[in-house]
Structures are given as structure tokens and as C-alpha cells.
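Geometric and topological summary
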Amino acid sequence: MEIDKAIRESDDRRLKTKYNNAIYVIQRALALYSTEEVAFSFNGGKDSTVLLHLLRASFYLHKAGKDNFTEDPGAGEFTFPIRTIYFESPSAFPEINSFTYDTATTYKLQMDIIRLDFKSGLEALLRAKPIRAIFLGVRIGDPTAVGQEQFSPSSPGWPPFMRVNPILDWSYSDVWAFLLTCKVQYCSLYDQGYTSIGSINDTVPNSLLSVSNSSNGKEKFRPAYMLPDGRLERAGRVKKLSSWPLSAISNGVKNEDSHWKGKFTASVIAVGDEILFGTIENQMGSTLCRKIHSIGWAVSQLAVTRNDVDYVAEEVERRKSANDMVFMYGGFGPLPSDITLAGVAKAFGVRMMLQLPEGIAELLHHEQLRTPLIKCQNVVILSATNVGELDPEWHCLIELMRSNGSLVITEPFVSKRLETTLSYVEAAQPLSEISIKFPDIYIVVIVNQEMGLSSLLLKER
Ligand SMILES: Cc1cc2nc3c(=O)[nH]c(=O)nc-3n(C[C@H](O)[C@H](O)[C@H](O)COP(=O)(O)O)c2cc1C
Ligand SMILES: Nc1ncnc2c1ncn2[C@@H]1O[C@H](COP(=O)(O)OP(=O)(O)OP(=O)(O)O)[C@@H](O)[C@H]1O
Ligand SMILES: [Mg+2]
């Protein structure tokens, strides 16, 4: 078998060790799960291309170990037995799409094309098929590798399956040593200076591979395997605004809800038994909503949870993917009941290290704040415990995030407040007419017992 042979004949001892270890992880997984219970997540990227060939080699070795094994199947003669899944997105590079499809044909992959987001797609897959483990080409250093091991259960809030990461400990140069030693095809973009490939919206060739071309002034790039320092693999990823969903960056529209179309959305999560006991009012919540509105963002939810790690994790897990930003307060400090950070860590599937979620906690220092603010991807944890403390903290947060380009401040809504002494029922008719005639106006009705009724008419600028 060409892969196994190429590695055995190579004198690269490090590559041999990496190869043997990865094969061992795959064999362990195949001993734990039947072929029907595993899937391979393939996206035409270099890491998943490595994994494809490791899986092929594993199956060959598995078969070779059997008594009745005689021939060595060439690339086209051997049907790859594992269900392969590809999440195809409209923002994928055409070169990635065509390489993925061509590879599927060459190696006879039974490939399911999924046109849903990862989570919904996996939910549907696991409902339809008995999949229990999925092979991924995740490597240490990938943002998504944080907290993962070779066998890592899917994160809380995700459908239950085992993530199997056979090349987790491979470096960038190990990947290229393997692809070049085995002389296998890889996506053509890697020969044009791309070193790590996301979507067309967030990936450009790595400028560290640039070679100036004086003859026609056009920039040219060396191939990806020539990158001298693998730590700079992601230098071609265009800086995302913090780590917000790409949809929000590319077109300014995250939420498809017609009222909030065009707006960035945030969720607010308060952590506090004292609010749920009714001992204190949640004034911080309404103040924070006002502040968020004042920067032109929409608040999609204001939630209060118990001081309980699982409750917090579940809420954060749900809100972080549905919103551009999540703001949290309460449950933050030195007491045993201060579990907000542990809940955030659990939501991201990472451990706590030195009292912070490992690998994802960013400390935002500001000279006017005694302690730094904590940001974990798109979740900001505020330390303010009352409205008085919130004002300066918010001011510093906005200043910091604006200066590092991680916050887009848009025009606030234009709002008009109408007050009337009409009853709710009487006002319903004219308000419905307004909303039909002006669909871009969002109407909030406020019923006030003493003064009757008022309506807030909100419109985007
Ligand atoms: C098969 C598969 C399983 C995944 N499982 C998880 C998971 O358990 N938890 C999680 O937070 N993300 C999971 N993801 C999402 C990835 O961590 C990550 O968001 C995705 O690969 C996109 O990375 P990118 O935003 O850098 O392109 C999974 C993705 C795939 C394809
Ligand atoms: N759209 C997708 N469809 C299927 N699997 C995917 C998809 N995106 C990511 N994955 C899985 O996640 C792994 C890690 O993705 P990542 O982008 O880090 O690596 P890659 O795409 O293989 O290579 P590169 O780092 O060069 O982009 C992939 O190897 C693959 O297993
Ligand atoms: Mg990729």
C-alpha cells in the first residue's frame, strides 16, 4: 500500500513516529467502534487530507493482518469503508470544493454533503445513522483544539459523539512532511501561498510566503510547505472581529429576524441566586440592555441563571452561538458560589487553569480599572456588581474593544415614544395598521398602570 510503503521507506524518524502513533489511535477507535459507527469529517484541507490517507493506511493494515488477505489494493480499487461527511458552505473556496469532490471520486469515498451548520448537521446525521465517533484533522494550535485530547467527547450542548483526533500532536511541518513523502494530491491553493484554509471571507495567502514580482507587479507566493515557522500557519487568516460569527462580519447581518436584520445582537446573562430569590432587583440587567442599545446593537435575550456551573454552561453554550456577543455579570469572585468562569469554561469544553478557562481567556487591561476584564471568544465577563460600578467598566470595555477593532459600533435605533390614554384593546387597531404600513418599524408596547399605554416606535437609521 503506497502510504505505508512510503513512510516505511522514508528515513524521517520523527515522521515515522507520528505516523505510527496516529495509526495506533485510529486502530484503537476502530477496536472500540464498528465501521458503521464511525464517520470521517473531510473538508479538502491539508489536515483532513493527511487524515484521509492515515485512515486508508489503517484499513489496509487492518486487512493485511487478516489470514485471507492477498492483494494490495490500488487507490481506485478499494472502496473506503467509512462514511465521510463534508459540510459544504457557499463561502468555501471553489478549489476546496473541487478538490474535495475529486478526492471522493478517486478514493471511492461514500461522501455525505451536509448543507447545514455543523451542529444542526451533526444532529441530523446522528438521528439518521448510528454514528458514535467522528475522525477529525484537528491539531494542537487550532483554535478549536483547545482542551481537546485524542479522544474527546463532543462539547456540552452538541449531540453526543466521540471526537477522535489522530493527528492532534502533529506540527505544521509534520503535515507537510507526510503529504510530500507520500506524494499525495492536496488542494491547489496550498501551492499558491495559502497555509490554512477557512472561508473565502476570512482567508488570504500567507504574506510570509510572498515573493515580489517586479516584472508585472503582481504579488506571487511560494507554496505552503515552504513556510519556515509553522506557528505562523494562520497568518493568512484575516483578523476576524474578535471571534464573532463570520456572517456578522461579512455583511453586517447576523440575525435573520426581520426586526433585527442588519443589527449585531447580544445576549445578557446574569448569574445570581439572589435575583432568583427576589432578594435584589436585576437593575444591572436593564442598565446593560440600555448601554448595548446605545451602541446600536440589539439585545436578543436577558437571562438570569442560578449559581450552578451546569446552568451557566448551558445558557452560555446556547447564547454564544446565537449572538455576536454575550455579556455576563454576577457569580464572579473568590467565593465558592462564584462559578461563572467555570460555567464559561464548561460551555467551551475547556478546563480551568489558574482560575481562568484554559486557552480562551483574554485579559483586557485598562488603566482606569483595578482588575482586567475577561473575554472568552465572544463572551465578556463583567466584574461590576452594581449599576455604579457598571458605568466605568462599560466605558473602558467599549474603549478597549474599539481600539483593538473587535467591536463595531453602529448607529443606534431612531426611536419615538407615543403616549396614549387608550386601553390596550383600543390601541391595538391603529398600532397594527402602523406595523403593516411600515414593516421596518419595530413597535414595543409598554403598559403602565397609572398613565395608560405608551408605544416605542423603533427604526434603524
Ligand atoms: C465533525 C465536527 C464535530 C464538531 N464538534 C464540535 C464540538 O463538539 N464542540 C464544538 O464546540 N465545536 C465542534 N465543531 C465545530 C468546530 O470546533 C469548529 O467550529 C469548526 O471546525 C469551524 O472552525 P472554523 O470556524 O475555524 O472554520 C465540530 C465540527 C465538526 C466538523
Ligand atoms: N466544512 C467541513 N466539513 C467537514 N469537516 C470539516 C469542515 N471544516 C472542518 N472540518 C474538520 O475539522 C478539521 C480541522 O479543520 P481545519 O480547518 O483546522 O483543518 P483543515 O481544513 O484540514 O486544514 P487547514 O488548517 O489547512 O485549513 C478538518 O481536518 C476536518 O476534519
Ligand atoms: Mg480548514
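Residues numbered from 1 in each chain as written. Chains lettered and ligands numbered in written order. Predicted model: local features only at pLDDT ≥ 70, side-chain atom pairs only at ≥ 80, totals over all residues. Heavy atoms only, no water.

Under an unreviewed UniProt entry, the name given to the protein is FAD synthase, and the source organism is Forsythia ovata. According to UniProt, the comment filed for the protein under the heading Catalytic activity (unreviewed entry) is "FMN + ATP + H(+) = FAD + diphosphate". Per UniProt, the protein carries the Pathway (unreviewed entry) text "Cofactor biosynthesis; FAD biosynthesis; FAD from FMN: step 1/1." (UniProt positions renumbered as here; feature names shortened; annotations may be inferred.)

Take the overall build of the protein next. For the protein, the helix and strand inventory stands at 13 helices and 19 strands. Taken over 461 residues, the protein has a buried fraction of 46%. The contacts in the protein between residues at least 6 apart in sequence include a share of 70% that link residues at least 24 apart. (Helix = DSSP H or I, 4+ residues; strand = E, 2+ residues; numbered from the N terminus. Buried < 20%, exposed > 50% of the residue type's maximum accessible area, 1.4 Å probe, protein only. Contact = heavy atoms within 4.5 Å.)

With that out of the way, let us pick up helix α9 (residues 283-294). An α-helical turn contains 3.6 residues, so a residue and the one three or four places further along point in the same direction. Over its 12 residues, α9 runs 17 Å from end to end, which matches the ideal 16 Å to within 8%, given 1.5 Å per residue. Taken together, the buried positions of α9 are Met284, Gly285, Thr287, Leu288, Cys289, Lys291 and Ile292. Summarising the contacts, the buried residues of α9 are in contact with β9 (265-271), β10 (298-305), β11 (325-329) and α12 (387-403). The first or second residue beyond α9 is Gly296, which carries a positive phi of 85 degrees. (Expected span 1.5 Å × (residues − 1).)

Glancing now at the side chain of Thr49. Residue placement: Thr49 occurs in helix α3 (residues 46-64). Not counting chain neighbours up to four residues away, the residues in contact with Thr49 comprise Phe42, Gly44, Phe99, Leu179 and Gln185.

Okay, the nonpolar core next. Generally speaking, a soluble globular protein has its nonpolar side chains buried in company with each other. Counting 59 residues, the largest nonpolar core has Phe40, Leu54, Phe135, Trp170 and Phe178 as the members making the most contacts within it. Going through the elements one at a time, α1 (2-9), α2 (13-32), β1 (38-41), α3, α4 (94-106), β4 (133-135), β6 (162-164) and α6 (172-182) are the ones with two or more residues in this core. When residues of this core are assigned to domains, at least three fall in each of domain 1 (2-173) and domain 2 (187-236). In this view, Trp170 contacts Leu15, Lys18, Tyr19, Ala22, Val50, Leu54, Arg139, Val175 and Phe178; residues no more than four positions away in its chain are not counted. (Core = buried A, V, L, I, M, F, W, Y, C linked by side-chain atoms within 4.5 Å. Domains from an automatic or database assignment.)

Our next topic: the environment of Ala270. Inspection of the secondary structure assignment puts Ala270 in strand β9. On a C-alpha basis, the gap between Ala270 and Gly331 in space is 8.2 Å, while along the polypeptide they are 61 residues apart. The contact partners of Ala270, leaving out residues within four places of it in the chain, are Ile275, Asn282, Ala303, Val304, Thr305 and Tyr329.

Attention now goes to the site of ligand 2. Within the structure, ligand 2 sits among 19 residues, and Ser41, Asn43, Lys46, Tyr190 and Ile197 are positioned closest to it. Interatomic distance of 2.8 Å between a side-chain N/O atom of Asn43 and an oxygen atom of ligand 2. Phe87 is positioned such that a nitrogen or oxygen atom in its backbone is 2.9 Å from a nitrogen atom of ligand 2. Considering ligand 2 on its own, with 590 Å² of exposed area, one finds that the protein chains cover 88% of that surface. The set of elements that each furnish at least two residues to the shell around ligand 2 consists of α3 and β2 (83-87). Class assignment of the residues belonging to the shell around ligand 2 gives a composition of eight nonpolar, seven polar and four charged. Taken domain by domain, the makeup of the shell around ligand 2 includes at least three residues from each of domain 1 (2-173) and domain 2 (187-236). (Near = heavy atom within 4 Å. Polar contact = N/O pair within 3.5 Å; in protein donor to acceptor, adjacent residues only side chain to side chain. Areas by Shrake-Rupley, 256 points an atom, 1.4 Å probe, with all protein chains shown as cover. Nonpolar A, V, L, I, M, F, W, Y, C, P; charged D, E, K, R; others polar.)

Moving on to the pattern of salt bridges. Per the counting criterion, the structure on display carries 24 salt bridges. When the shortest N-O distance is used, the salt bridge between Lys46 and Asp47 registers 3.8 Å. Note on Lys46: relative accessible area 2%, which makes it buried. On the basis of relative accessibility, which here comes to 12%, the residue Asp47 falls in the buried class. Among the salt bridges present, the one from Asp47 reaches Arg139, with a minimum N-O distance of 3.1 Å. Note that Asp47 is positioned in helix α3 and Arg139 in the loop between β4 and β5 (151-153), a separation of 92 residues in sequence. (Salt bridge = Lys/Arg side-chain N within 4 Å of Asp/Glu carboxyl O.)

Turning to the site of ligand 1, a few remarks are in order. Taken together, Ser41, Phe87, Phe118, Leu122, Ile134, Leu136, Thr144, Ser154, Ser155, Trp158, Phe161 and Arg163 make up all the residues around ligand 1. Measuring from a nitrogen atom of ligand 1, one finds a side-chain N or O atom of Ser155 at 2.6 Å. Separating an oxygen atom of ligand 1 from a side-chain N or O atom of Trp158 is a distance of 3.5 Å. When the free accessible area of ligand 1 is taken as 630 Å², the share hidden by the protein chains comes to 71%.

Okay, the pairing of strand β15 (residues 373-376) next. Because side chains alternate across β15, one face comprises the buried residues Leu373 and Lys375, and the other comprises Ile374 and Cys376, equally buried. Relative to β15, strand β14 (residues 361-364) runs antiparallel, the two being bridged by four bridges. Among the inter-strand pairings, Ala361 is bridged to a residue of β15, identified as Cys376. Where β15 folds back on strand β16 (residues 379-381), the antiparallel hairpin that results is connected by two residues, among which Gln377 adopts a positive phi of roughly 50 degrees. (Pairing = 2+ DSSP bridges.)

In the contact formed by α9 and α12, the axes pass within 10 Å of each other and the chain directions differ by 25 degrees. As summarised for this structure, α9 and α12 are arranged roughly parallel, according to the angle between their axes. The handedness of the crossing between α9 and α12 comes out as right-handed. Residue-level inspection shows Gln283, Met284, Thr287, Leu288, Lys291 and Ile292 of α9 in contact with α12, the latter providing Val387, Leu390, Asp391 and Trp394. In terms of residue class, the contact of α9 with α12 is made up of six nonpolar, two polar and two charged. (Axes fitted to C-alpha atoms, helices over the stretch in contact; angles between N-to-C directions. Parallel < 35°, antiparallel > 145°, perpendicular 65-115°, else oblique. Left-handed = near helix turned anticlockwise from the far one by under 90°.)

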